[in-house]
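The chain contents come next:
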Amino acid sequence: MNTDCIFCKIVAGQLPCCKVYEDTDTLAFMDIGPIVPGHTLVIPRMHVDPLMAAPPEVLQKLIVVVQKIARAQLKAFKADGINVIQSNGRAAGQLVPHLHFHVIPRFAADGHHWNWIPRPYAKSEEMGALAEKIRGALE
Ligand code: AMP
Ligand code: ZN
């Protein structure tokens, strides 16, 4: 447990949450600031952050619970779709530094719009050069 971490405090029962699901490794609870009503967070009980530092066995269990919550949201709310969001670092909009997945039910007219602006590459070679950098950094 990280004593400065609000999600660790939720896991330890020191802070309240509106629990949706739990097992030995994972906890799912309602986000207090939902993008769309029903927005749920799925976290490992273990303190780990960011995604890149997480052991594969933690991630494997986590993603199965993400799927379980997404299926339950579809059924419970008759949602039209589901967003799964996971952020790492302030630059990526992460506020709570304990690994978590947002599972968000979506509806055709829910009024939420992502500020997602596609920006084409200026030069045709740029995409290939960036792909080469990523390939070179793979472990
Ligand atoms: P992120 O920006 O990915 O770090 O998202 C953190 C999320 O945690 C936000 O959507 C917050 O609304 C949510 N959050 C923060 N504190 C709590 C809390 N005590 N209980 C439930 N959700 C929380
Ligand atoms: Zn934590």
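Now for a description of the structure that goes with this document. None of the values given here were measured: they were computed from a predicted structure.

**Observations regarding the nonpolar core**
Moving on, step 1. Counting residues in each nonpolar core, the largest one holds 12 residues, listed as A28, V42, V48, A54, L62, V65, V66, I69, A70, L99, F101 and V103.
Moving on, step 2. Taken together, the elements giving at least two residues each to this core come down to α2 (56-77) and β5 (101-106).
Moving on, step 3. Among the elements that make up this core, the one with the highest residue count is α2 (5 residues).
Moving on, step 4. Ignoring sequence-local partners within four residues, the contact set of F101 consists of T40, L41, V42, L51, L62, I63, V66, V84, I85 and Q86.
Moving on, step 5. One finds F7, C8, I10 and L27 within the second-largest nonpolar core, a separate group that totals 9 residues.

**As for the pattern of salt bridges**
Where side chains of opposite charge bring their charged atoms close, a pairing between them can arise.
Moving on, step 1. Within the structure shown, the criterion is met by 5 salt bridges.
Moving on, step 2. Between K19 and E22 there is a salt bridge whose closest N-O contact spans 3.1 Å.
Moving on, step 3. Salt bridges here are not isolated pairs; linked through shared partners, they connect K19, E22 and R45.

**Here we look at the pairing of β5**
Moving on, step 1. Counting buried positions over the 6 residues of β5 gives 6, a clear majority of the element.
Moving on, step 2. With burial as the criterion, each face of β5 is covered, one bearing F101, V103 and P105 and the other bearing H102, I104 and R106.
Moving on, step 3. Both strand β3 (residues 40-44) and β5 contribute to a ladder of 3 bridges, which runs antiparallel. Across the sheet, residue L41 finds its bridge partner in β5, namely H102.
Moving on, step 4. Taken together, the 5 bridges between strand β4 (residues 81-85) and β5 define a ladder with antiparallel strand orientation. Each residue of the ladder has a partner; that of V84, found in β5, is V103.

Procedures and definitions
Residues numbered from 1 in each chain as written. Chains lettered and ligands numbered in written order. Predicted model: local features only at pLDDT ≥ 70, side-chain atom pairs only at ≥ 80, totals over all residues. Heavy atoms only, no water. Core = buried A, V, L, I, M, F, W, Y, C linked by side-chain atoms within 4.5 Å. Buried < 20%, exposed > 50% of the residue type's maximum accessible area, 1.4 Å probe, protein only. Helix = DSSP H or I, 4+ residues; strand = E, 2+ residues; numbered from the N terminus. Contact = heavy atoms within 4.5 Å. Salt bridge = Lys/Arg side-chain N within 4 Å of Asp/Glu carboxyl O. Pairing = 2+ DSSP bridges.

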